[in-house]
Amino acid sequence: MLSVDDYRAGVLSGIRVLAPLELPLSSALGCVLAKDVAAPWPLPSFDNSSMDGYAVLAADIASASPDAPVELTVIDDVPAGFRATETVRPGTAVRIMTGAPMPEGADAVVPVERTDGGTSTVMVSQGVDIGAYIRHAAEDVVAGEVVLPQGTLIGARQIAILAAVGCGLVFVHPRPRIAVISTGSELVEPGLPLRHGLISDSNSYLLVAACKEAGADAYRVGPIVDEDAAFLAAVEDQLHRCDLILTSGGVSMGAYDTVKAVLSTLGTVDFMKVAMNPGMPQGHGFVGEEEVPIITLPGNPVSSYVSFENFVRPVIRRMRGLARLQRPEVEAVCAEPMTSPAGKRQFARARFLPSGAVVPSGQGQGSHVLGGLAGADALIVVAEDVTSIAAGDTVTVIDLRQD
């Protein structure tokens, strides 16, 4: 059997960052920048008011107080998006809204709260310093400055700066397109009635959701019955549509393990056992003329999820152009005793307690126990040479709450 680390290295060995392309800004969320973005203009691009109020000469209102307000003549009114047509001179003011360009001559803004709100004349009851409540041109970003470097993951805050510097199109590594194929004649669509011996297809929904959480665009195919021709047709139909094919089920040693039977003769796909629990049977390789990567996961849902976290998630992140491929690992105290099989690295479903300690989740660690998986926000990693953990021992934990 291969170790988890050696198998992961083999899966990643043929995976490359997706070729960059230009996407509309509205489609760039979750993508990674493929080149630096520089500002073609400064931010702000002009001096503007940071408050609703009056553009004034600070010296005019230096002596203003509630008991002795200063009266100014209002000579113009400037909403955002417009310019003043008058120059502020001693004894005058321009009524101005937040974001509007500063009029010529003014050196400060007095907030409307310090005035009587007049429209032809205004009574100012408190002075301001020169420069008060003015956003100066280029105080945020200088023209030509790199606002986002290559390799930046684009989130909501990054979308804002891209829009502000006028990037209608963004040069990015796109989100990988992933086809998820569940196999098994026992599978039916959720919501349909179950006959004896059949189960609802949870794996494809699990894996599509996990792919999307990891930053990919994923979609379901199937479920596909355990027939070679049906599975082969499903795979071939996806080769021109996706960057990665992900299957679950059919990779063990059974007589009806269709995935293994078909892919052993189609493309370059290797099947092997990995020293891990759950998720021992695994497979990966490439299919089709364009050598589309394919990863085959075991059919038990917990095995499938743990395998995804260890092998598929790093592949998605490499395709996206991200430097860190795996979730953070932390140290935590295990609040309850647990056992682990010798010779295998166990990934035990667990949940964090308010104290920061972890405790195994659910009724046992069987690869079919979805209830424990649903309640988990961590995986306790137990090394291959450790068979028991006592309450109070420190353990390594994959924190599923962090990306």
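Residues numbered from 1 in each chain as written. Predicted model: local features only at pLDDT ≥ 70, side-chain atom pairs only at ≥ 80, totals over all residues. Heavy atoms only, no water.

Peer 1: I would appreciate a short explanation of the pairing of strand E5 (residues 53–56) in the present structure.
Peer 2: The two faces of a sheet get side chains in turn, since along a regular strand they alternate between them. Pairing of E5 with strand E7 (residues 92–96) involves 3 bridges; the strand directions are antiparallel. Among the inter-strand pairings, Tyr54 is bridged to a residue of E7, identified as Arg95. Inspection of the sheet shows E5 paired to strand E8 (residues 108–111) by 4 bridges, in the antiparallel sense. The residue of E8 that forms the bridge with Val56 is Ala108. (Pairing = 2+ DSSP bridges. Helix = DSSP H or I, 4+ residues; strand = E, 2+ residues; numbered from the N terminus.)

Peer 1: When you look at the sheet that holds strand E2 (residues 32–33) in this model, what are you seeing that I'm missing?
Peer 2: Remark on secondary structure: sheet strands pair via backbone hydrogen bonds, oriented parallel or antiparallel. Spatially, 3 strands are ordered E1-E12-E2 in an open sheet, and the strand pairing comes out antiparallel. Edge positions in the sheet fall to strand E1 (21–24) and E2, since each has one partner strand and no second. Strand direction decides the pairing type here: E2 and strand E12 (residues 169–173), joined by 2 bridges, are antiparallel. Following the sheet pairing, Leu33 is matched in E12 by Val172.

Peer 1: I keep staring at the environment of Phe352 and nothing clicks. Help me out?
Peer 2: Structurally, Phe352 can be placed in strand E24 (residues 345–352). Looking at Phe352, the relative accessible area reads 14%, which means it is buried. Along the chain, Phe352 and Ala332 lie 20 residues apart, while their C-alpha atoms are 8.9 Å from each other. Apart from the residues lying within four places of it in its own chain, the contact partners of Phe352 are Val330, Ala357, Val358, Asp377, Ala378, Val397, Asp399 and Arg401. (Buried < 20%, exposed > 50% of the residue type's maximum accessible area, 1.4 Å probe, protein only. Contact = heavy atoms within 4.5 Å.)

Peer 1: Looking at this structure, I do not really get the side chain of Ser304. What am I missing?
Peer 2: Of note, Ser304 is situated in helix H6 (residues 301–320). Exposure remark for Ser304: the relative accessible area of 0% places this residue in the buried category. The contact partners of Ser304, leaving out residues within four places of it in the chain, are Asn203, Leu207, Ser248, Leu297 and Pro298.

Peer 1: In this structure, what is going on with a negative patch on the surface? I would like to understand it.
Peer 2: On the surface, a cluster of negative charge is contributed by Asp47, Glu139, Asp140 and Glu145. Within the element layout of this structure, Glu139 appears in the loop between strand E10 (134–135) and strand E11 (146–148). (Patch = residues over 30% accessible without salt bridge, like charges linked within 9 Å, V, L, I, M, F, W, Y side chains within 5 Å. Areas by Shrake-Rupley, 256 points an atom, 1.4 Å probe, with all protein chains shown as cover. Salt bridge = Lys/Arg side-chain N within 4 Å of Asp/Glu carboxyl O. Lys, Arg positive; Asp, Glu negative; His and termini not counted. Charge placed at Lys NZ, Arg CZ, Asp CG, Glu CD.)

Peer 1: Whenever I open this one, the nonpolar core confuses me. Can you help?
Peer 2: The tendency in soluble globular proteins is for nonpolar side chains to be buried as a group. The biggest cluster of nonpolar side chains holds 37 residues, and the ones touching the most others in it are Ile178, Cys211, Leu246 and Phe308. Sorting the residues of this core by element identifies helix H1 (4–13), strand E13 (177–183), helix H3 (203–213), strand E17 (244–248), strand E21 (292–297), H6 and strand E26 (378–382) as the ones contributing at least two each. At 9 residues, the largest contribution of residues to this core is made by H6. In this structure Leu246 touches Ile178, Ala179, Val180, Ile181, Leu207, Cys211, Ile295, Leu297, Phe308 and Val312, once residues within four positions along its chain are discounted. (Core = buried A, V, L, I, M, F, W, Y, C linked by side-chain atoms within 4.5 Å.)

Peer 1: Would you mind going over the packing of H1 against H6 with me for this structure?
Peer 2: Two packed helices can be described by the angle between their axes and the distance between those axes. Relative to each other, H1 and H6 sit at 35°, their axes nearing to 10 Å. Of the two possible hands of crossing, H1 and H6 adopt the one that is right-handed. Only Asn310, Phe311, Pro314, Val315 and Arg318 of H6 make contact with H1, whose side of the interface consists of Val4, Tyr7, Arg8, Val11 and Leu12. Among the residues forming the contact of H1 with H6, the class breakdown is 7 nonpolar, 1 polar and 2 charged. (Axes fitted to C-alpha atoms, helices over the stretch in contact; angles between N-to-C directions. Left-handed = near helix turned anticlockwise from the far one by under 90°. Nonpolar A, V, L, I, M, F, W, Y, C, P; charged D, E, K, R; others polar.)

Peer 1: What exactly am I supposed to notice about the pattern of salt bridges here?
Peer 2: Two side chains of opposite charge can pair, provided their charged atoms sit close to one another. Taken as a whole and judged by the stated rule, the model has 10 salt bridges. The partner of Arg177 in a salt bridge is Asp243, and the shortest N-O contact between them spans 3.2 Å. With Arg177 in strand E13 and Asp243 in the loop between helix H4 (228–238) and E17, the pair connects residues that are 66 residues apart, well separated along the chain. For Arg177, a relative accessible area of 38% puts it in the partly exposed group. According to the relative accessible area criterion, Asp243 is buried, its value standing at 17%. In this structure, the salt-bridge partner of Glu384 is Arg345, at a minimum N-O distance of 3.1 Å.

Peer 1: What am I meant to see in unusual backbone geometry here?
Peer 2: Glycine aside, residues mostly have negative phi angles, and peptide bonds mostly take the trans form. Residue Pro44 follows Leu43 across a cis peptide bond; omega there is -15°. As for its placement among the helices and strands, Pro44 is situated in the loop between strand E3 (37–38) and strand E4 (48–49). Here the amide bond leading from Asn277 into Pro278 is cis, since omega sits at -5°, within 30 degrees of zero. The topology assignment puts Pro278 in the loop between strand E19 (276–277) and strand E20 (281–287). In this structure, Tyr133 takes a positive phi of about 60° despite not being glycine.

Peer 1: Looking at this structure, I do not really get the packing of H3 against H6. What am I missing?
Peer 2: Two elements in contact, H3 and H6, have axes whose closest approach is 10 Å; the angle formed by their N-to-C orientations is 30°. Classified by the interaxial angle, the pair formed by H3 and H6 is roughly parallel. Our pair here, H3 against H6, has a crossing hand that is right-handed. The segment H3 lies against H6, with Asn203, Leu206, Leu207, Ala210 and Cys211 engaging Pro301, Ser304, Tyr305, Phe308 and Ile316. (Parallel < 35°, antiparallel > 145°, perpendicular 65-115°, else oblique.)

Peer 1: Help me understand the environment of Ile199 in this model?
Peer 2: Positionally, Ile199 belongs in strand E15 (residues 199–200). On the accessibility criterion, Ile199 (43% relative accessible area) is partly exposed. C-alpha separation for the pair Ile199 and Glu113, spaced 86 residues apart in sequence, amounts to 67 Å. Those residues in contact with Ile199 that sit more than four places away from it in its chain are Glu186, Leu187, Val188 and Leu194.

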